[in-house]
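Working through the structure, step by step
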Amino acid sequence: MRKVFSAFSQSFYFNSQEYYISPSVGISMYPMDGKDAEMLIKNADEALFRVKERGKAHYQFYRTDMNSVFTNVVTLETHLRKAIEQDELSLFYQPQIDVATGKAKSFEALLRWDDTEFGEISPSVFIPLAEDTGLIISIGYWVIETACRQISAWNDMGFNDIRVAINISPKQFQHPNLVPFIQSMIEKYQIRASSLGIEITEGAMHDMKETIPILKKVKELGISISVDDFGTGYSSLSYLKQFPIDVLKIDQSFIRDILKEEKDAAITSAIIHLGKSLGLEVVAEGVENKQQVEFLANANCHKIQGYYFSKPISSSELEKQFLVKNTAWGKPRY
Ligand code: C2E
Ligand code: MG
Ligand code: MG
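We now turn to the structure provided with this report. What you see is a predicted model; the values in this text were computed from it and never measured.

So, how was this worked out
Residues numbered from 1 in each chain as written. Chains lettered and ligands numbered in written order. Predicted model: local features only at pLDDT ≥ 70, side-chain atom pairs only at ≥ 80, totals over all residues. Heavy atoms only, no water. Near = heavy atom within 4 Å. Polar contact = N/O pair within 3.5 Å; in protein donor to acceptor, adjacent residues only side chain to side chain. Helix = DSSP H or I, 4+ residues; strand = E, 2+ residues; numbered from the N terminus. Nonpolar A, V, L, I, M, F, W, Y, C, P; charged D, E, K, R; others polar. 1 Å grid on protein atoms, 1.4 Å probe; cavity = no way out; pocket = protein on both sides within 12 Å on 5 of 7 lines; lining within 4 Å. Points joined across faces, edges and corners; volume = space filled by probe spheres on them.

Let us look at the site of ligand 1. Around ligand 1, the structure places 21 residues, and the nearest of them are Arg 112, Asp 228, Gln 252, Glu 288 and Tyr 307. One nitrogen or oxygen atom from the side chain of Glu 108 is found 3.0 Å from an oxygen atom belonging to ligand 1. Residue Asp 228 places a side-chain N or O atom 2.8 Å away from an oxygen atom belonging to ligand 1. Those elements giving two or more residues to the shell around ligand 1 turn out to be strand E6 (104–115), helix H4 (123–133) and strand E10 (224–230). Top contributing element to the shell around ligand 1 by residue count: E6, with four residues. Looking at side-chain class alone, the shell around ligand 1 contains eight nonpolar, six polar and seven charged residues.

This is how it looks when you write it as structure tokens:
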């Protein structure tokens, strides 16, 4: 295995372009891990999935305990394909509370999958799988259409100044049909582009040349752009200057220990300053208690999202708890 990895440690040229390949290898062995080719390949694939889950460029031997329901990639993939057809997916919405007004006008759409056999499966389990298998493209279209339909329904109910942000995975972001599809949905459901937002991670934007034209097109439509998990994915800040970004979302990992770790507090305050100076909105994610809210309010963070105010909830629950109440709320609730 070491030989394989060392062979790949050097770059090679193709069409006068330099390439690096980092291999990920899943290994199963006859006869312990399977008596026929089908079983061996399935289990090697299972081990490979684990490698990719932990950041790729590594190898892993198959272990029988990997074959639990949720990590069985093959089963999961089959179920996920069916889920799209059988309407087992839904969107939940999590409010972002404006610190100045105490109101929630923007919401993040988060995908939920309730499988008939396995019950609820977390997006952190199936989104990486959907990325690997390419299923993310059709799931992503489903998410965009569902969010647009929901915005239109809320507009019909009289809620016009709301914004719903959807998560766009790296693979979908690079897909040439993304912007035309979003545009067609905005037209189909006759919603304002400003009521839609997208969230992308820094990892999806690492190629400047590819990213700028896509973001510009998104921006031209009038859709707002958030950087999700800000501070965890990219070491260069120069993209902030070049990309038409509207919102920075401070990653949960900084917020979690904001009261215990001086460094997390310092990073959070610095991100808020940075965002303000660049004219961007700053949203803190994963806020779970009052002390965190107070810290963030003192640091002049614009918006707060987290279990303290609300978990992600269904559209009907959101209507009851946030949209209707919004008009009545006079001052901040915390
Ligand atoms: P994300 O976009 O960073 O979403 C935030 C995650 O934090 C959500 O997890 C949310 O439920 C959770 N969260 C919110 N408030 C709190 C809190 O106070 N404490 C803690 N501990 N967690 C909190 P979820 O819904 O499980 O989603 C996980 C990830 O899956 C998302 O991270 C996003 O990257 C991805 N995802 C979810 N829905 C979609 C989707 O429709 N499309 C794509 N491409 N990815 C999605
Ligand atoms: Mg997000
Ligand atoms: Mg996030």
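Below, the discussion takes up empty space enclosed by the protein. The method is simple in principle: a probe with the dimensions of a water molecule rolls over the atoms, and the space it marks as empty is what remains. Applying the stated rule across the entire model yields one cavity of 30 Å³ or more. In this structure, the largest cavity encloses a volume near 50 Å³. The wall of the largest cavity is formed by Gln 96, Ser 106, Phe 107, Arg 163, Ala 165, Glu 199, Ser 224, Ser 226, Val 247, Glu 281 and Val 283. Elements supplying a minimum of two residues to the lining of the largest cavity: E6, strand E8 (163–167), E10 and strand E12 (281–284). Split by residue class, the lining of the largest cavity holds four nonpolar, four polar and three charged.

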